[in-house]
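Chain by chain, the residues:
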Amino acid sequence: MEQTALFTIFGGTGDLAKRKLYPSLFRLFKKGSLDYRFAVIGTARREWTDDYYREVVKESIQELNPTSDEAFAFASHFYYLSHDVNDAAHYNELRELSNTLDEKYKLKGNRLYYLAMSPQFFGTIVSHLKDQSVLTDTGFNRLVIEKPFGSDLKTATILNEQITTAFAEEDIFRIDHYLGKEMVQNIAVIRFANNIFESLWNNRYIENVQVTFAESLGVEDRGGYYENSGALRDMVQNHILQVVALLAMEVPTSFSDKSIRQEKIKVLEAIRRYDKTEVMKNFTRGQYAAGSLDDKEFIAYRDEPNVASDSNVETFVAGKFLIDNFRWSGVPFYIRTGKRMTEKGTRINIVFKQVPVNVFNFNNESDNNVQLAEQNVLTIYIQPTEGFSLMLNGKQIGQGFATEPVKLDFRQSEEITVNSPEAYEKLLLDALHGDGTNFSHWDEVRNSWEIVDRIRVAWEHFIPSFPNYTAGTMGPNEAFDLLKADGARWIWRPEQWYKQRNKLDY
Ligand code: BG6
């Protein structure tokens, strides 16, 4: 169905706009979700002409192989406005141009404001949009806002107060791009459409849950940003806690944004708030030292551009969340994320409890094949491959009853994965439909900061001994000890493959 709206992109010359937003809008255009009745105003400080801007837009969609007619037709909807976000007068120009385009493309006053720039300006932009009457009285006015949403609970609350003076909560779309990923959305389907899982999805059958967000890249050219963020704020406060909430929430009464968010909020409220001692026991951090993997050499975090040579910013976090409710009491949710780890991989392992009595665990001297049955593990592969697998036990062929692990494995084909809608494309369309399911509600953000602030504050009291893990590994020893202390172990160990082949030395 064709959608009608004027998009105003603050940060229209930026990397996110070029890499994600323009290609996603183009895909929507090609599919007919956007047709003639849409327009885009790109704003930033630079002095660009419409023609130059349209060339940039065309360049940004080249990978999608448009015909020249398509590229031309698409880019003709783009308009550029050089804009100083602090200058009230500039919002008058923005209002005039918006109204002209509204008239030209028959946009019915539908406006979507996308804040894709430095968060320090979010509050200013929103108050000017209201005070300079850029917002319309007819149609919708929606705000799409990129992370980070504040840098702690205090700053997030101030930002939220600023934006809610102009936009109602249901018109605020806080982006967490992981919520647009196919397999993150699939978590709810795997759980609620499969009785064999949902009926076992609790502390009677699940021993622990493991969530890994590993990245092989270092901080690249984002040292400046990362020095003020670190892995805890960059990944745990948003993406990881959102995935934990989806894994742990109760069955929503309907699949509406309201019910799902309600259930996610309840989980986040039930995550135990740790005191300092508990933080030190249950959370650990790391920073990468130089290393090599598969003949590639990597420099240490402290030697990366725009990073202080004595930086104590964490590039790795591992920890254990506990959820104090009936379903999850006693089940650890282990999480880990880091830069410069062995492989890029986001995956979830649901580790089921052993059978109550393992009848195959006998010690029969005449049978030297005897092996303990493995725990059943459901793995959800979020990226780079998408799919899920289930580890079961079968009998080894031959005499006796020795067991062996059998893996039922489903991976989406590469063709389907490549052609499936990109996260930003889905999220933009959701925002156009006014569907907040895959965005973070303020109460989710508030709870996440509450949880994460406690960890950060406890860490501030102890100077870490960084660097403490070698680039190319799966993090510091403490991350492994964390599970060992509970008699558990990380299921996903990609570093072992490299070690066995002498491709990783540490
Ligand atoms: C972003 C973080 O939110 O997510 C980055 O700021 C991180 O540091 C990125 O690299 C990972 O996203 P993806 O989609 O590449 O897994």
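Everything numeric in this text was worked out from a predicted model, so none of it was measured. (Residues numbered from 1 in each chain as written. Predicted model: local features only at pLDDT ≥ 70, side-chain atom pairs only at ≥ 80, totals over all residues. Heavy atoms only, no water.)

Let's talk about the overall build of the chain
Move 1: Counting secondary structure elements, the chain contains 17 helices and 18 strands.
Move 2: In terms of overall size, the chain behaves like a compact globule, its C-alpha atoms giving a radius of gyration of 25 Å where 506 residues would be expected to give roughly 23 Å.
Move 3: Projected onto its principal axes, the C-alpha positions of the chain cover 85 × 50 × 45 Å.
Move 4: By the burial criterion, 55% of the 506 residues in the chain qualify as buried.
Move 5: Pairs at least 24 residues apart make up 77% of the contacts formed inside the chain by residues separated by at least 6 positions.
Move 6: For the chain, the accessible area works out to roughly 22,900 Å², and carbon and sulfur atoms hold 50% of it.
Move 7: Between the centroid of the 58 positive side chains of the chain and the centroid of its 71 negative side chains there is a distance of 3 Å. (Helix = DSSP H or I, 4+ residues; strand = E, 2+ residues; numbered from the N terminus. Rg over C-alpha atoms; globule rule 2.2 N^0.38 Å. Buried < 20%, exposed > 50% of the residue type's maximum accessible area, 1.4 Å probe, protein only. Contact = heavy atoms within 4.5 Å. Areas by Shrake-Rupley, 256 points an atom, 1.4 Å probe, with all protein chains shown as cover. Lys, Arg positive; Asp, Glu negative; His and termini not counted. Charge placed at Lys NZ, Arg CZ, Asp CG, Glu CD.)

Digging into unusual backbone geometry
Move 1: With an omega of 0°, the peptide bond between lysine 147 and proline 148 qualifies as cis.
Move 2: Relative to the helices and strands, proline 148 is located in the loop between strand E5 (141-145) and helix H6 (153-164).
Move 3: Following phenylalanine 466, the chain continues to proline 467 via a peptide bond in cis, the omega torsion being -5°.
Move 4: Mapped onto the elements, proline 467 comes out in the loop between helix H15 (442-460) and strand E18 (469-470).
Move 5: The phi dihedral of glutamate 220 is positive, around 55°, even though this residue is not glycine.
Move 6: By the element assignment, glutamate 220 lies in the loop between strand E7 (206-214) and helix H9 (223-227).
Move 7: If you check the backbone angles, aspartate 295 has positive phi at about 70° while not being a glycine.
Move 8: By secondary structure assignment, the location of aspartate 295 is in the loop between strand E10 (291-293) and strand E11 (296-298).

Quick notes on the sheet that holds strand E8 (residues 283-286)
Move 1: With mixed pairing, 8 strands are arranged side by side in an open sheet as E8-E12-E13-E7-E14-E15-E16-E17. This sheet does not close on itself; its edge strands, each paired only once, are E8 and strand E17 (403-411). Going from strand to strand, the sheet's axes swing by 15° on average, the running direction of each strand aside.
Move 2: Sheet topology places strand E14 (residues 345-352) next to strand E15 (residues 377-383); 6 bridges connect them, and they run antiparallel. Looking at E15, one finds that threonine 346 is bridged to glutamine 383.
Move 3: Relative to the sheet, helix H10 (residues 230-248) contacts E7, strand E12 (316-321), strand E13 (333-338) and E14, its axis offset from that of E13 by approximately 145°.
Move 4: This element, H15, spans E8 and E12 of the sheet and lies at about 65° to E8. (Pairing = 2+ DSSP bridges. Axes fitted to C-alpha atoms, helices over the stretch in contact; angles between N-to-C directions.)

Some remarks on the UniProt feature "domain: Glucose-6-phosphate dehydrogenase NAD-binding" (unreviewed entry) in the chain
Move 1: The sites that carry the UniProt feature "domain: Glucose-6-phosphate dehydrogenase NAD-binding" (unreviewed entry) are, in the present numbering, residues 9-186.
Move 2: In residues 9-186, the share of helix is 46% and the share of strand is 17%. The end C-alpha atoms are 30 Å apart. (UniProt positions renumbered as here; feature names shortened; annotations may be inferred.)

Details of the packing of aromatic side chains
Move 1: In the structure shown here, the tally under the stated rule is 29 aromatic pairs.
Move 2: Between the aromatic rings of tryptophan 328 and phenylalanine 333, the centroid separation amounts to 5.0 Å while the plane-to-plane angle is 85°, which identifies the pairing as edge-to-face. We note that tryptophan 328, like phenylalanine 333, is buried.
Move 3: Joined through ring pairs, the aromatic side chains of Tyr22, Phe26, Phe29, Phe38, Trp48, Tyr52, Tyr53, Phe74, Phe78 and Tyr80 make up one cluster.
Move 4: Here arginine 142 stacks its cationic end above the ring of phenylalanine 140, 3.7 Å away from the centre of that ring.
Move 5: One cation-aromatic arrangement involves lysine 181 over tyrosine 178; the distance from NZ or CZ to the ring centre is 4.5 Å. (Phe/Tyr/Trp six-rings, centres within 6.5 Å; stacked < 30°, edge-to-face > 60°. Lys NZ or Arg CZ within 6 Å of the ring centre and 35° of its normal.)

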